[in-house]
Amino acid sequence: MQHSKKMSKGTALVTGGAVRLGKIFCASLANAGYDLAIHYNSSFEQAAVTAEEFRDKGVNCETFQFDFSKKNDVSDLITNVRKQFPDLNVLINSASVYDQATIMETPELILERQFKVNFQAPYLLTQAFAQQCKTGNVINIIDNKIAFNQYQYSAYVLSKKSLAEFTRLAAVELAPDVRVNAIAPGVVLPASVRSQDYIDWRIDGIPLKHQGETDNIAQALLYLLSNEFVCGQILFVDGGESLTNTGQNSANHE
Ligand SMILES: NC(=O)c1ccc[n+]([C@@H]2O[C@H](COP(=O)([O-])OP(=O)(O)OC[C@H]3O[C@@H](n4cnc5c(N)ncnc54)[C@H](OP(=O)(O)O)[C@@H]3O)[C@@H](O)[C@H]2O)c1
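Given the structure is predicted, the values throughout are model-derived calculations rather than measurements. Per chain, residue numbering runs from 1 following the sequence as it is written. Thresholds applied to this predicted model are a pLDDT of at least 70 for local features of residues and 80 or more for the giving and counting of side-chain atom pairs; totals over whole chains, interfaces and linings are not thresholded and use all residues. Based on all heavy atoms of the structure, the side-chain values leave hydrogens and waters out of the count.

K.L.:
Quick one: what's the story with the packing of helix α4 (residues 108-133) against helix α5 (residues 154-174), residue by residue and with numbers?
P.N.:
Fitted lines through C-alpha atoms give the axes, limited to the stretch in contact for helices. The angle between two N-to-C directions lies from 0 to 180 degrees. Numbering of helices and strands starts at the N terminus; helices are DSSP runs of H or I of at least 4 residues and strands are runs of E of at least 2. Put simply, α4 and α5 touch, their axes get as near as 8 Å, and they point 15 degrees apart. Taken as axis vectors, α4 and α5 run roughly parallel relative to one another. The hand of the α4/α5 crossing is right-handed. Contact with α4, carried on its side by L111, Q114, F115, N118, F119, P122, Y123, T126 and A130, involves A155, Y156, L158, S159, K160, S162, L163, F166 and L174 of α5 and no other residues of that element. Amino acids are sorted into nonpolar (Ala, Val, Leu, Ile, Met, Phe, Trp, Tyr, Cys and Pro), charged (Asp, Glu, Lys and Arg) and polar (every other residue, Gly among them). Partitioning the contact of α4 with α5 into residue classes produces 12 nonpolar, five polar and one charged. An angle counts as roughly parallel when it lies under 35 degrees, as roughly antiparallel when it exceeds 145, as roughly perpendicular when it falls between 65 and 115, and as oblique in every other case. Put simply, a crossing is left-handed when the front helix is turned counterclockwise from the back one by less than a right angle, and right-handed when it is turned clockwise. Between two residues, a contact is recorded if the distance between any of their heavy atoms is within 4.5 Å.

So this is what it looks like as structure tokens:
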């Protein structure tokens, strides 16, 4: 994969882009010809390594630190990226926190953090992106849990349901200049704390009876970017798990 400034399609900012799914998004965007602005929060070392890996392949890329849980002006991230990449035209809101707690177990601090990182940051980044970049694409990374009332992750699920509604609202308000869509992944890259027993239990509730590949999510991303008649959609990439009320996601493992 060799990239040159000449063939660049613009620049993509990927929040939480240093590790896991965020890094997968970065790779497929680089492959599609975008320069990369890789956002990270605490993964300083991984961000540096990831950026170096891309630069070695000829990708123009820089890293940007920002903690969305703090009382910061989130629009500064867009301003900072645009100083180095004036052609910023894609925003992928992938950064997220994932706390397990029922309504009865959720302290205000967790509720606040879930909404600041998973909802307020994408909201304010989208606003700043539209104000400063004027045109382009925003893709919010949600979760197929929005199809269920999995109260065991109450604040997380509510933050992602809010992000889904925001996607539709923003799609209408920001069209035709900025196209806003979302992806709702299912079981793709389970957190390292997840046991094989948990993963097998989830797969049992998936109509297609297998776990998703990271490539399935990357394909969805490129599809939403390239199809210029798709607006305000939430693309579930989850093997059909969200179609069935008996999906294991509607319950709790324990
Ligand atoms: N993995 C899956 O199978 C799956 C399934 C359904 C939905 N999703 C969604 O897909 C997206 C990516 O998933 P993932 O599993 O790769 O995510 P992840 O491992 O949970 O990592 C998310 C990223 O969020 C960033 N982040 C966390 N707290 C932050 C804060 N306070 N400020 C700024 N950034 C912060 C982290 O950055 P640092 O590491 O730099 O701190 C991290 O890179 C998420 O939105 C997730 O909800 C994933």
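K.L.:
With reference to specific residues and values, describe the sheet that holds strand β1 (residues 11-14).
P.N.:
Paired strands are those between which DSSP finds at least two bridges. Pairing within the open sheet is parallel, and its seven strands lie in the order β3-β2-β1-β4-β5-β6-β7. Only two strands of the sheet have a single partner each, and these edge strands are β3 (61-65) and β7 (234-237). Each adjacent strand pair in this sheet contributes to an overall mean axis angle of 20 degrees, direction not counted. In this fold helix α1 (residues 20-31) packs onto β1, β2 (35-40), β4 (88-93) and β5 (136-141), with an angle of close to 175 degrees to the strand it touches most, β1. Against the sheet, α5 makes contact with β5, β6 (178-185) and β7, and its axis sits at roughly 155 degrees relative to β6, the strand it touches most.

K.L.:
Could you give me a rundown of the side chain of S94, with the residues and numbers involved?
P.N.:
Its place among the elements puts S94 in the loop between β4 and α4. Looking at S94, the relative accessible area reads 14%, which means it is buried. What S94 contacts, discounting residues up to four positions off in sequence, is T15, G22, F25 and I141. Relative accessible area decides the class of each residue, using a 1.4 Å probe on protein chains only: under 20% of the type maximum gives buried, over 50% gives exposed, and in between gives partly exposed.

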